[in-house]
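# Structure at a glance
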Amino acid sequence: MKQISGGVCAAKGFSASGVHCGIRKNKSKRDIALIYSEVPAAAAAVYTTNLVKGAPLTVTKAHLSDGQAQAIICNSGNANTCNANGIEIAEQMSRLLADELHIDASDVVVASTGVIGQPLDIEPIKAGIAPLVADLGDNSEQAAEGIMTTDTKLKQIAVSFDIGGVECKIGGIAKGSGMIHPNMATMLVFITTDCAISSDMLSRALSTDIADTFNMVSVDGDTSTNDMVTVLANGMAGNKMIDSENDDFSKFMLALNTVTVHLCRCIAADGEGATKLLECKVSGAPDIQTAKTVAKSVVCSSLTKAAMFGADANWGRVLCAIGYSGANVDVSKIDVRFKSKSGEILVCKDGAGVEFSEAQAKQILLEDEIDILIELNSGDSTSTAWGCDLTYDYVKINGDYRT
(Lines give C-alpha, C1' and ligand atoms only; values in the text may rest on other atoms or scores of the structure.)
Protein backbone atom coordinates (compact mmCIF):
# COMPACT_ATOMS: atom_id res chain seq x y z
CA MET A 1 0.00 0.00 0.00
CA LYS A 2 1.25 3.48 -0.82
CA GLN A 3 -0.04 7.01 -0.55
CA ILE A 4 -0.85 8.65 -3.88
CA SER A 5 -2.25 11.94 -5.10
CA GLY A 6 -5.75 12.59 -6.36
CA GLY A 7 -8.04 12.54 -3.33
CA VAL A 8 -11.54 11.45 -4.35
CA CYS A 9 -10.48 11.49 -8.00
CA ALA A 10 -7.65 8.97 -7.57
CA ALA A 11 -9.92 5.96 -8.10
CA LYS A 12 -10.92 5.06 -11.69
CA GLY A 13 -14.14 6.57 -12.95
CA PHE A 14 -14.46 9.34 -10.36
CA SER A 15 -14.36 13.07 -11.04
CA ALA A 16 -15.14 16.09 -8.90
CA SER A 17 -15.66 19.84 -8.91
CA GLY A 18 -16.36 22.78 -6.66
CA VAL A 19 -17.64 26.26 -7.48
CA HIS A 20 -19.05 29.40 -5.89
CA CYS A 21 -22.77 29.52 -6.61
CA GLY A 22 -23.83 32.33 -4.26
CA ILE A 23 -24.86 30.67 -0.99
CA ARG A 24 -21.91 32.42 0.65
CA LYS A 25 -21.55 36.17 0.27
CA ASN A 26 -17.78 35.84 -0.12
CA LYS A 27 -17.33 35.12 -3.83
CA SER A 28 -13.79 33.90 -3.28
CA LYS A 29 -15.08 30.84 -1.39
CA ARG A 30 -16.43 27.79 -3.15
CA ASP A 31 -19.75 26.85 -1.60
CA ILE A 32 -20.92 23.78 -3.49
CA ALA A 33 -19.13 20.56 -4.42
CA LEU A 34 -19.79 17.53 -6.61
CA ILE A 35 -18.33 14.02 -6.76
CA TYR A 36 -19.42 11.81 -9.67
CA SER A 37 -18.89 8.21 -10.69
CA GLU A 38 -19.07 7.21 -14.37
CA VAL A 39 -21.10 4.17 -13.37
CA PRO A 40 -23.49 3.42 -10.48
CA ALA A 41 -21.57 2.50 -7.35
CA ALA A 42 -22.16 0.47 -4.22
CA ALA A 43 -22.77 2.93 -1.41
CA ALA A 44 -22.72 3.00 2.38
CA ALA A 45 -23.07 5.77 4.93
CA VAL A 46 -23.19 6.47 8.65
CA TYR A 47 -25.07 9.40 10.13
CA THR A 48 -25.12 11.68 13.16
CA THR A 49 -26.89 10.35 16.25
CA ASN A 50 -28.19 13.80 17.14
CA LEU A 51 -32.01 13.71 17.32
CA VAL A 52 -32.02 17.02 15.45
CA LYS A 53 -30.96 16.00 11.96
CA GLY A 54 -30.45 18.05 8.82
CA ALA A 55 -32.94 17.43 6.01
CA PRO A 56 -30.19 16.19 3.65
CA LEU A 57 -29.53 13.21 5.95
CA THR A 58 -33.16 12.14 5.78
CA VAL A 59 -33.14 12.37 1.99
CA THR A 60 -29.77 10.62 1.62
CA LYS A 61 -30.79 7.77 3.91
CA ALA A 62 -33.84 7.14 1.73
CA HIS A 63 -31.78 7.35 -1.47
CA LEU A 64 -29.23 4.83 -0.18
CA SER A 65 -31.83 2.28 0.90
CA ASP A 66 -30.93 0.23 -2.20
CA GLY A 67 -27.18 0.42 -1.45
CA GLN A 68 -26.41 2.35 -4.62
CA ALA A 69 -25.43 5.91 -5.62
CA GLN A 70 -23.63 7.66 -8.44
CA ALA A 71 -23.14 11.26 -7.31
CA ILE A 72 -22.63 13.35 -4.18
CA ILE A 73 -23.61 17.02 -3.97
CA CYS A 74 -22.81 19.13 -0.93
CA ASN A 75 -23.22 22.82 -0.18
CA SER A 76 -21.52 24.81 2.58
CA GLY A 77 -22.62 27.99 4.28
CA ASN A 78 -26.09 26.71 5.23
CA ALA A 79 -26.89 23.45 7.04
CA ASN A 80 -30.48 23.15 5.76
CA THR A 81 -31.51 22.08 9.27
CA CYS A 82 -34.70 22.98 11.16
CA ASN A 83 -36.24 24.46 8.01
CA ALA A 84 -39.92 23.84 7.24
CA ASN A 85 -39.09 23.17 3.58
CA GLY A 86 -35.76 21.45 4.20
CA ILE A 87 -36.74 18.09 2.73
CA GLU A 88 -38.15 19.79 -0.34
CA ILE A 89 -34.92 21.77 -0.87
CA ALA A 90 -32.74 18.66 -0.45
CA GLU A 91 -34.91 16.74 -2.92
CA GLN A 92 -34.74 19.65 -5.36
CA MET A 93 -30.95 19.64 -5.14
CA SER A 94 -30.99 15.93 -6.00
CA ARG A 95 -33.38 16.33 -8.91
CA LEU A 96 -31.57 19.33 -10.39
CA LEU A 97 -28.25 17.50 -10.32
CA ALA A 98 -29.75 14.24 -11.60
CA ASP A 99 -31.31 16.01 -14.56
CA GLU A 100 -28.00 17.63 -15.47
CA LEU A 101 -26.09 14.35 -15.16
CA HIS A 102 -28.87 12.24 -16.72
CA ILE A 103 -29.04 9.88 -13.76
CA ASP A 104 -31.78 8.91 -11.33
CA ALA A 105 -32.37 11.37 -8.47
CA SER A 106 -32.42 8.45 -6.05
CA ASP A 107 -28.76 7.83 -6.92
CA VAL A 108 -27.71 11.21 -5.50
CA VAL A 109 -26.24 11.67 -2.03
CA VAL A 110 -27.09 15.17 -0.82
CA ALA A 111 -25.36 16.97 2.05
CA SER A 112 -25.24 20.45 3.58
CA THR A 113 -23.11 22.14 6.22
CA GLY A 114 -23.10 25.56 7.83
CA VAL A 115 -25.45 27.63 9.95
CA ILE A 116 -28.47 25.86 11.48
CA GLY A 117 -31.99 27.29 11.19
CA GLN A 118 -31.38 29.62 8.25
CA PRO A 119 -33.64 29.31 5.16
CA LEU A 120 -31.77 27.86 2.18
CA ASP A 121 -32.62 29.48 -1.15
CA ILE A 122 -32.65 26.97 -4.02
CA GLU A 123 -31.95 29.64 -6.68
CA PRO A 124 -28.16 29.93 -6.19
CA ILE A 125 -27.92 26.13 -6.18
CA LYS A 126 -30.04 25.91 -9.31
CA ALA A 127 -27.73 28.42 -11.03
CA GLY A 128 -24.64 26.55 -9.88
CA ILE A 129 -25.55 23.05 -11.07
CA ALA A 130 -24.55 23.50 -14.73
CA PRO A 131 -21.13 25.07 -13.93
CA LEU A 132 -20.58 22.38 -11.31
CA VAL A 133 -21.15 19.60 -13.84
CA ALA A 134 -19.20 21.42 -16.56
CA ASP A 135 -16.16 21.63 -14.28
CA LEU A 136 -16.08 17.91 -13.49
CA GLY A 137 -12.55 16.58 -13.73
CA ASP A 138 -9.54 15.78 -11.60
CA ASN A 139 -10.61 18.43 -9.12
CA SER A 140 -10.62 16.80 -5.70
CA GLU A 141 -9.15 19.94 -4.10
CA GLN A 142 -11.95 22.09 -5.49
CA ALA A 143 -14.54 19.72 -4.03
CA ALA A 144 -12.70 19.71 -0.69
CA GLU A 145 -12.74 23.51 -0.66
CA GLY A 146 -16.44 23.57 -1.51
CA ILE A 147 -17.42 21.73 1.69
CA MET A 148 -15.29 23.79 4.11
CA THR A 149 -16.87 26.04 6.75
CA THR A 150 -14.57 27.21 9.55
CA ASP A 151 -11.87 24.83 8.35
CA THR A 152 -8.50 26.45 7.79
CA LYS A 153 -6.91 23.53 5.97
CA LEU A 154 -7.97 21.36 3.05
CA LYS A 155 -8.30 17.69 4.04
CA GLN A 156 -7.76 14.89 1.52
CA ILE A 157 -5.81 11.67 0.98
CA ALA A 158 -5.61 8.71 -1.42
CA VAL A 159 -3.83 5.37 -1.34
CA SER A 160 -3.38 2.46 -3.72
CA PHE A 161 -3.57 -1.18 -2.65
CA ASP A 162 -3.58 -4.65 -4.19
CA ILE A 163 -6.53 -7.02 -4.35
CA GLY A 164 -5.81 -10.33 -6.05
CA GLY A 165 -3.06 -8.83 -8.18
CA VAL A 166 -5.25 -5.91 -9.25
CA GLU A 167 -4.36 -2.35 -8.25
CA CYS A 168 -7.22 -0.60 -6.46
CA LYS A 169 -7.38 2.96 -5.20
CA ILE A 170 -9.28 4.67 -2.41
CA GLY A 171 -9.37 8.35 -1.53
CA GLY A 172 -11.29 10.79 0.59
CA ILE A 173 -11.98 14.39 1.45
CA ALA A 174 -13.28 15.74 4.73
CA LYS A 175 -14.76 18.80 6.34
CA GLY A 176 -14.57 19.24 10.07
CA SER A 177 -13.41 21.94 12.46
CA GLY A 178 -16.12 22.63 15.06
CA MET A 179 -19.09 20.71 16.50
CA ILE A 180 -16.87 17.65 16.44
CA HIS A 181 -17.80 14.91 18.88
CA PRO A 182 -18.76 11.96 16.69
CA ASN A 183 -21.03 9.25 17.83
CA MET A 184 -21.55 8.95 14.55
CA ALA A 185 -20.80 11.37 12.93
CA THR A 186 -19.98 15.03 13.26
CA MET A 187 -18.18 15.94 10.14
CA LEU A 188 -18.57 15.44 6.42
CA VAL A 189 -16.39 12.74 4.92
CA PHE A 190 -16.71 11.50 1.35
CA ILE A 191 -14.69 8.46 0.27
CA THR A 192 -14.41 6.92 -3.19
CA THR A 193 -12.87 3.66 -4.36
CA ASP A 194 -12.69 1.68 -7.59
CA CYS A 195 -12.53 -1.58 -5.65
CA ALA A 196 -15.34 -4.02 -6.41
CA ILE A 197 -17.13 -4.69 -3.13
CA SER A 198 -20.79 -5.38 -2.42
CA SER A 199 -22.87 -2.73 -0.69
CA ASP A 200 -23.43 -5.08 2.26
CA MET A 201 -19.71 -5.63 2.77
CA LEU A 202 -19.00 -1.94 2.19
CA SER A 203 -21.50 -1.07 4.91
CA ARG A 204 -19.93 -3.63 7.23
CA ALA A 205 -16.46 -2.24 6.56
CA LEU A 206 -17.52 1.34 7.24
CA SER A 207 -19.54 0.64 10.39
CA THR A 208 -16.66 -1.44 11.78
CA ASP A 209 -14.01 1.15 10.94
CA ILE A 210 -15.71 4.21 12.42
CA ALA A 211 -15.79 2.64 15.88
CA ASP A 212 -12.02 3.13 16.09
CA THR A 213 -11.64 6.22 13.92
CA PHE A 214 -14.30 8.91 13.56
CA ASN A 215 -16.01 7.90 16.80
CA MET A 216 -12.71 8.56 18.59
CA VAL A 217 -12.35 12.22 17.58
CA SER A 218 -13.45 15.20 19.65
CA VAL A 219 -12.84 18.91 19.23
CA ASP A 220 -15.43 20.50 21.50
CA GLY A 221 -17.86 17.85 22.77
CA ASP A 222 -20.75 19.06 20.57
CA THR A 223 -22.38 16.49 18.29
CA SER A 224 -23.51 18.13 15.05
CA THR A 225 -26.85 17.79 13.27
CA ASN A 226 -25.89 17.31 9.65
CA ASP A 227 -22.86 15.27 9.14
CA MET A 228 -22.09 11.84 7.83
CA VAL A 229 -19.47 9.62 6.29
CA THR A 230 -20.26 8.21 2.85
CA VAL A 231 -18.34 5.70 0.74
CA LEU A 232 -18.89 4.96 -2.96
CA ALA A 233 -17.30 1.89 -4.59
CA ASN A 234 -17.76 1.66 -8.38
CA GLY A 235 -15.79 -1.56 -9.03
CA MET A 236 -13.94 -0.12 -12.03
CA ALA A 237 -10.58 -1.49 -10.86
CA GLY A 238 -11.78 -4.89 -12.05
CA ASN A 239 -10.86 -6.99 -9.03
CA LYS A 240 -12.93 -10.02 -8.03
CA MET A 241 -16.01 -8.85 -6.16
CA ILE A 242 -15.57 -8.80 -2.39
CA ASP A 243 -18.80 -10.27 -1.04
CA SER A 244 -17.64 -12.02 2.13
CA GLU A 245 -15.19 -11.58 5.00
CA ASN A 246 -12.07 -13.01 3.37
CA ASP A 247 -8.45 -11.93 2.88
CA ASP A 248 -9.48 -9.41 0.23
CA PHE A 249 -11.96 -7.86 2.65
CA SER A 250 -9.19 -7.52 5.26
CA LYS A 251 -6.98 -5.76 2.71
CA PHE A 252 -9.82 -3.40 1.85
CA MET A 253 -10.39 -2.70 5.53
CA LEU A 254 -6.72 -1.81 5.97
CA ALA A 255 -6.85 0.61 3.02
CA LEU A 256 -10.05 2.19 4.29
CA ASN A 257 -8.56 2.57 7.75
CA THR A 258 -5.45 4.25 6.33
CA VAL A 259 -7.69 6.87 4.74
CA THR A 260 -9.95 7.36 7.75
CA VAL A 261 -7.15 7.63 10.33
CA HIS A 262 -5.43 10.28 8.20
CA LEU A 263 -8.66 12.28 7.95
CA CYS A 264 -9.29 11.90 11.69
CA ARG A 265 -5.91 13.45 12.42
CA CYS A 266 -6.58 16.25 9.93
CA ILE A 267 -9.96 17.05 11.50
CA ALA A 268 -8.62 17.06 15.05
CA ALA A 269 -5.57 19.17 14.14
CA ASP A 270 -7.83 21.73 12.44
CA GLY A 271 -10.23 22.11 15.35
CA GLU A 272 -11.61 25.62 15.64
CA GLY A 273 -8.91 27.85 17.06
CA ALA A 274 -6.62 24.86 17.64
CA THR A 275 -2.84 25.11 17.65
CA LYS A 276 -2.04 21.48 18.54
CA LEU A 277 -3.12 17.97 17.58
CA LEU A 278 -3.56 15.75 20.62
CA GLU A 279 -3.31 11.98 20.25
CA CYS A 280 -4.18 10.00 23.37
CA LYS A 281 -2.88 6.44 23.28
CA VAL A 282 -4.11 4.07 25.97
CA SER A 283 -2.43 0.70 26.51
CA GLY A 284 -2.59 -2.02 29.12
CA ALA A 285 -6.38 -1.89 29.44
CA PRO A 286 -8.35 -4.94 30.60
CA ASP A 287 -10.65 -4.67 27.54
CA ILE A 288 -11.14 -2.52 24.45
CA GLN A 289 -14.14 -0.64 25.84
CA THR A 290 -12.14 0.49 28.87
CA ALA A 291 -9.32 1.66 26.61
CA LYS A 292 -11.73 3.62 24.40
CA THR A 293 -13.54 5.18 27.35
CA VAL A 294 -10.31 6.39 28.93
CA ALA A 295 -8.82 7.73 25.68
CA LYS A 296 -11.98 9.59 24.71
CA SER A 297 -12.43 11.07 28.20
CA VAL A 298 -8.93 12.53 28.17
CA VAL A 299 -9.19 14.18 24.73
CA CYS A 300 -12.61 15.58 25.71
CA SER A 301 -11.36 17.15 28.95
CA SER A 302 -11.52 20.93 28.63
CA LEU A 303 -8.97 21.32 31.42
CA THR A 304 -6.52 18.93 29.76
CA LYS A 305 -7.03 20.66 26.41
CA ALA A 306 -6.40 24.06 28.02
CA ALA A 307 -3.23 22.77 29.72
CA MET A 308 -1.92 21.52 26.39
CA PHE A 309 -2.57 24.96 24.88
CA GLY A 310 -0.46 26.50 27.63
CA ALA A 311 2.24 23.80 27.35
CA ASP A 312 1.60 23.05 31.02
CA ALA A 313 2.47 19.47 32.04
CA ASN A 314 -0.51 19.34 34.41
CA TRP A 315 -0.81 15.55 34.42
CA GLY A 316 -3.33 15.69 37.27
CA ARG A 317 -5.93 16.79 34.74
CA VAL A 318 -5.30 13.60 32.77
CA LEU A 319 -5.79 11.48 35.90
CA CYS A 320 -8.92 13.48 36.72
CA ALA A 321 -10.42 12.77 33.28
CA ILE A 322 -9.66 9.07 33.66
CA GLY A 323 -11.28 9.08 37.10
CA TYR A 324 -14.63 10.49 35.96
CA SER A 325 -14.69 8.58 32.66
CA GLY A 326 -16.74 5.75 34.12
CA ALA A 327 -14.07 3.20 33.24
CA ASN A 328 -13.30 0.61 35.91
CA VAL A 329 -9.55 1.12 36.32
CA ASP A 330 -7.03 0.69 39.11
CA VAL A 331 -5.73 4.24 39.56
CA SER A 332 -2.73 2.97 41.55
CA LYS A 333 -1.36 1.29 38.40
CA ILE A 334 -1.61 4.20 35.96
CA ASP A 335 1.47 5.69 34.27
CA VAL A 336 1.34 8.87 32.15
CA ARG A 337 3.89 10.21 29.68
CA PHE A 338 3.89 13.23 27.35
CA LYS A 339 5.65 12.87 24.00
CA SER A 340 6.37 14.94 20.91
CA LYS A 341 9.15 15.29 18.37
CA SER A 342 11.09 17.12 21.12
CA GLY A 343 11.18 14.04 23.33
CA GLU A 344 9.24 12.02 25.88
CA ILE A 345 8.83 12.48 29.64
CA LEU A 346 7.28 10.42 32.44
CA VAL A 347 5.08 12.60 34.65
CA CYS A 348 3.06 10.03 36.61
CA LYS A 349 3.96 6.55 37.89
CA ASP A 350 1.55 4.18 39.63
CA GLY A 351 -1.04 6.94 39.92
CA ALA A 352 1.31 9.37 41.65
CA GLY A 353 3.57 12.19 40.58
CA VAL A 354 7.28 11.71 39.92
CA GLU A 355 10.07 14.27 39.75
CA PHE A 356 10.55 15.61 36.24
CA SER A 357 12.04 18.63 34.52
CA GLU A 358 9.35 21.27 34.01
CA ALA A 359 11.58 22.92 31.41
CA GLN A 360 11.88 19.69 29.41
CA ALA A 361 8.14 19.05 29.71
CA LYS A 362 7.42 22.59 28.49
CA GLN A 363 9.65 22.06 25.47
CA ILE A 364 7.87 18.81 24.63
CA LEU A 365 4.42 20.39 24.93
CA LEU A 366 5.29 23.42 22.80
CA GLU A 367 5.21 21.24 19.66
CA ASP A 368 2.14 21.18 17.41
CA GLU A 369 1.58 17.42 17.78
CA ILE A 370 1.40 15.97 21.29
CA ASP A 371 1.02 12.32 22.34
CA ILE A 372 -0.59 11.65 25.72
CA LEU A 373 0.55 8.13 26.57
CA ILE A 374 -1.44 6.30 29.25
CA GLU A 375 -0.44 2.85 30.52
CA LEU A 376 -3.12 1.20 32.68
CA ASN A 377 -1.00 -1.88 33.46
CA SER A 378 -4.12 -4.05 33.70
CA GLY A 379 -4.31 -5.98 30.43
CA ASP A 380 -3.45 -6.05 26.74
CA SER A 381 -6.12 -3.85 25.09
CA THR A 382 -5.28 -0.55 23.44
CA SER A 383 -7.10 2.42 21.88
CA THR A 384 -6.34 5.82 20.38
CA ALA A 385 -8.38 9.02 20.40
CA TRP A 386 -7.71 12.34 18.70
CA GLY A 387 -8.43 15.87 19.84
CA CYS A 388 -6.92 19.35 20.01
CA ASP A 389 -6.06 22.07 22.46
CA LEU A 390 -8.62 24.61 23.69
CA THR A 391 -7.66 28.17 22.84
CA TYR A 392 -8.96 31.73 23.13
CA ASP A 393 -9.79 31.65 19.43
CA TYR A 394 -12.35 28.86 19.86
CA VAL A 395 -14.56 31.25 21.83
CA LYS A 396 -13.95 34.09 19.37
CA ILE A 397 -14.93 31.91 16.40
CA ASN A 398 -18.11 30.59 18.01
CA GLY A 399 -19.12 33.77 19.83
CA ASP A 400 -20.33 35.36 16.58
CA TYR A 401 -20.47 32.36 14.21
CA ARG A 402 -23.96 33.21 12.97
CA THR A 403 -23.85 36.99 13.01
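One structure accompanies this document, and this report is about it.

Criteria and thresholds
Residues numbered from 1 in each chain as written. Predicted model: local features only at pLDDT ≥ 70, side-chain atom pairs only at ≥ 80, totals over all residues. Heavy atoms only, no water. Axes fitted to C-alpha atoms, helices over the stretch in contact; angles between N-to-C directions. Helix = DSSP H or I, 4+ residues; strand = E, 2+ residues; numbered from the N terminus. Parallel < 35°, antiparallel > 145°, perpendicular 65-115°, else oblique. Left-handed = near helix turned anticlockwise from the far one by under 90°. Contact = heavy atoms within 4.5 Å. Nonpolar A, V, L, I, M, F, W, Y, C, P; charged D, E, K, R; others polar. Pairing = 2+ DSSP bridges. Polar contact = N/O pair within 3.5 Å; in protein donor to acceptor, adjacent residues only side chain to side chain. Buried < 20%, exposed > 50% of the residue type's maximum accessible area, 1.4 Å probe, protein only. Phe/Tyr/Trp six-rings, centres within 6.5 Å; stacked < 30°, edge-to-face > 60°. Core = buried A, V, L, I, M, F, W, Y, C linked by side-chain atoms within 4.5 Å.

### Quick look at the packing of helix H5 (residues 199-210) against helix H6 (residues 247-269)
Running from N to C, H5 and H6 point in directions that differ by 50°, and their axes come no closer than 10 Å. As far as their axial angle goes, H6 and H5 are oblique. With respect to the hand of their crossing, H5 and H6 are arranged in right-handed fashion. In contact with Met201, Leu202, Arg204, Ala205, Leu206, Thr208 and Asp209 of H5, H6 contributes Phe249, Phe252, Met253, Leu256, Asn257 and Thr260. Its residues assigned to classes, the contact of H5 with H6 comprises 8 nonpolar, 3 polar and 2 charged.

### Quick word on the sheet that holds strand E14 (residues 369-375)
Taken in spatial order, the 6 strands make up an open sheet running E13-E12-E11-E14-E10-E15, and their pairing is mixed. Edge positions in the sheet fall to strand E13 (352-353) and strand E15 (381-388), since each has one partner strand and no second. As judged from the 5 bridges shared by strand E11 (residues 335-340) and strand E12 (residues 343-349), these two strands associate in the antiparallel manner. Looking across to E12, one finds that Arg337 is bridged to Leu346. Along the sheet face, helix H8 (residues 302-309) touches strand E10 (277-285), E11, E14 and E15 and points at about 135° away from the line of E14. The strands that helix H10 (residues 358-365) touches are E11, E12 and E14; relative to E12, the one it contacts most, it runs at about 120°.

### Here we look at the side chain of Thr192
Residue placement: Thr192 occurs in strand E8 (residues 188-193). From its side chain, Thr192 meets the backbone oxygen of Val8 in a polar contact 2.8 Å long. Setting aside chain neighbours within four positions, we find Thr192 in contact with Val8, Ala11, Phe14, Ile35, Lys169, Ile170, Gly171 and Leu232.

### Notes on unusual backbone geometry
If you check the backbone angles, Asp350 has positive phi at about 55° while not being a glycine. Classification of Asp350 as partly exposed rests on a relative accessible area of 43%. Positive phi outside glycine occurs at Asn377, with the angle close to 55°. The topology assignment puts Asn377 in the loop between E14 and E15.

### What to know about the environment of Gln70
Looking at the element boundaries, Gln70 is found in strand E4 (residues 68-78). The class of Gln70 is buried, set by a relative accessible area of 7%. Ignoring sequence-local partners within four residues, the contact set of Gln70 consists of Ile35, Tyr36, Ser37, Glu38, Val39, Pro40, Ile103, Asp107 and Leu232. Reaching out from Gln70, the side chain makes a polar contact with the backbone oxygen of Glu38 at a distance of 3.2 Å.

### Some words on the packing of aromatic side chains
Counted by the stated rule, this structure contains 2 aromatic pairs. Aromatic side chains Phe309 and Tyr392 sit 5.3 Å apart centroid to centroid with 90° between the ring planes, which places their arrangement in the edge-to-face category. Of this pair, Phe309 sits in helix H8 while Tyr392 sits in helix H11 (residues 392-399); the two residues are 83 residues apart in sequence, bridging distant segments of the chain.

### Re the pairing of strand E6 (residues 155-163)
With 7 of 9 residues buried, E6 lies mostly within the body of the structure. Summarising the sheet, strand E1 (residues 2-4) and E6 pair through 3 bridges and their orientation is antiparallel. In the strand pairing of E6, Lys2 is matched with Ser160. By the bridge criterion, 9 bridges tie E6 to strand E7 (residues 166-175) in an arrangement that is antiparallel. Looking at the pairing, Ile157 lines up with Gly172 of E7. The antiparallel hairpin formed by E6 and E7 contains 2 residues in its connecting segment, where Gly164 sits at a positive phi of about 60°.

### Focus: the nonpolar core
Residues Ile170, Val189, Phe214, Phe252, Phe338 and Ile374 are the most contacted members of the largest nonpolar core, which totals 72 residues. Look past the residues within four positions of Ile170 in its chain and what remains in contact with it is Ile157, Ala158, Val159, Phe161, Ile191, Thr192, Thr193, Phe252, Ala255, Leu256 and Val259.

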